[in-house]
Amino acid sequence: MGTASGDRIVELQGQTPGGYRLLQILVGIRLRSVADPESVRHLTWLSDIAAAMELISRRMTGDGPVDFVGYLEDVAAFWSRVCEGRAIRLDVRGQAALLPDSHLLPLAIITHELISNACRHAFPDGRRGSIAVAFSRAVGGVSLVVRDSGVGAEPLTPGEGLAVVQGLVEHLGGSMNIETAPNAGVGVRIRLPLEGASTH
């Protein structure tokens, strides 16, 4: 894709903030006629990613700095609705930080994906528990920690969701550490450097 085409797509996305919501609706319609579990899994993942992009795009419509902590609160509200009726508590703590334009969307997807993994896999069979999200400034960058009190694993076999997160973290030049044990939940700690990047 040429630079001009890429710029045009970004421009159109800015003019149509409801586009990601429409994508969610279209995926939902498609899911009604899909029975194959693998297809359902992939389409559900696509819907989750569209939700993350829609939520962060709402925060990117103004001229000032993007409120990423506000985005985290939006994500918490989104997943609280998804998990309604289940005994799962979602807590978010955030520290304001200026993020580079290049980091906003990938970090939004990373956060959404980690919470999604916890909601969908950490609490089987009606298990109760909690998911804690902490975002803060760190030396030379920012830190994101997502920890759940679910079933955990030993050893943890990274699935497609964590593979996406790992790929995005590497793309941003960061690092990711995972801590887990049976019945001790999963904790994912991500550090992203910001030095030398132009912030939004």
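Model, not experiment: these values are computed from the prediction. (Residues numbered from 1 in each chain as written. Predicted model: local features only at pLDDT ≥ 70, side-chain atom pairs only at ≥ 80, totals over all residues. Heavy atoms only, no water.)

Chemist: What should I look at first to understand helix α2 (residues 19-31) in this one?
Modeler: Spanning 13 residues, α2 covers 18 Å between terminal C-alpha atoms, matching the ideal 18 Å at 1.5 Å per step. Among all positions in α2, only Tyr20, Gln24 and Val27 are buried. With its buried residues spanning 65° around the axis, α2 presents them on a single face. (Helix = DSSP H or I, 4+ residues; strand = E, 2+ residues; numbered from the N terminus. Expected span 1.5 Å × (residues − 1). Buried < 20%, exposed > 50% of the residue type's maximum accessible area, 1.4 Å probe, protein only. Arc of directions from axis to C-beta.)

Chemist: Honestly, the state of the cysteines in this entry has me stumped. Any pointers?
Modeler: Going through the model one piece at a time under the given rule, you end up with zero disulfides. Free cysteine: cysteine 119, not disulfide-bonded; nearest cysteine sulfur from cysteine 83 at 3.3 Å. By relative accessible area, which is 2% here, cysteine 119 ends up buried. (Disulfide = S-S within 2.5 Å.)

Chemist: Hey, could you run me through the pattern of salt bridges in this one?
Modeler: Oppositely charged side chains may form a pair once their charged atoms are brought near each other. Here the structure, examined in full by the defined rule, presents three salt bridges. Where arginine 58 meets glutamate 54, a salt bridge forms, and the shortest distance between an N and an O atom there is 2.9 Å. With arginine 58 and glutamate 54 both in helix α3 (residues 37-59), this residue pair falls four residues apart, about one helical turn. Where glutamate 179 meets arginine 147, a salt bridge forms, and the shortest distance between an N and an O atom there is 3.6 Å. In this pair, glutamate 179 is assigned in strand β4 (residues 175-180) and arginine 147 in strand β3 (residues 141-148), connecting sequence segments 32 residues apart. The partly exposed category is assigned to arginine 147, whose relative accessible area is 34%. (Salt bridge = Lys/Arg side-chain N within 4 Å of Asp/Glu carboxyl O.)

Chemist: Explain the packing of aromatic side chains here, please?
Modeler: The full count for this structure, using the stated rule, is three aromatic pairs. Geometrically, the ring pair formed by phenylalanine 68 and tyrosine 71 is tilted, given 5.3 Å between the ring centres and 35° between the ring planes. Of this pair, phenylalanine 68 and tyrosine 71 both sit in helix α4 (residues 68-82), three residues apart, which is roughly one turn of the helix. Considered together, phenylalanine 68 and tyrosine 71 belong to a single accessibility category, that of buried residues. An angle of 85° between the planes, with centres 5.2 Å apart, marks the rings of phenylalanine 78 and tryptophan 79 as edge-to-face. Among the aromatic residues, those joined into a ring-pair cluster are Phe68, Tyr71 and Phe135. (Phe/Tyr/Trp six-rings, centres within 6.5 Å; stacked < 30°, edge-to-face > 60°.)

Chemist: How should I be thinking about the side chain of threonine 111 in this particular structure?
Modeler: Structurally, threonine 111 can be placed in helix α5 (residues 101-121). Note on threonine 111: relative accessible area 0%, which makes it buried. Among all residues touching threonine 111, those that are not within four sequence positions of it are Phe68, Leu72, Val133 and Leu144. (Contact = heavy atoms within 4.5 Å.)

Chemist: Just to check I follow, could you spell out the packing of α4 against α5 for this structure?
Modeler: Any two packed helices are characterised by how steeply their axes cross, that is the angle between the axes, and by the distance between the axes. At a minimum axis distance of 11 Å, the contact between α4 and α5 shows a crossing angle of 30°. The orientation of α4 with respect to α5, classified from their angle, is roughly parallel. Two packed elements cross with a definite hand, and for α4 against α5 that hand is right-handed. Residues Phe68, Tyr71, Leu72, Val75, Phe78 and Trp79 of α4 pack against Leu104, Leu107, Ala108, Ile109, Thr111, His112, Ile115, Ser116, Cys119 and Arg120 of α5. For the contact of α4 with α5, the per-class residue count stands at 12 nonpolar, three polar and one charged. (Axes fitted to C-alpha atoms, helices over the stretch in contact; angles between N-to-C directions. Parallel < 35°, antiparallel > 145°, perpendicular 65-115°, else oblique. Left-handed = near helix turned anticlockwise from the far one by under 90°. Nonpolar A, V, L, I, M, F, W, Y, C, P; charged D, E, K, R; others polar.)

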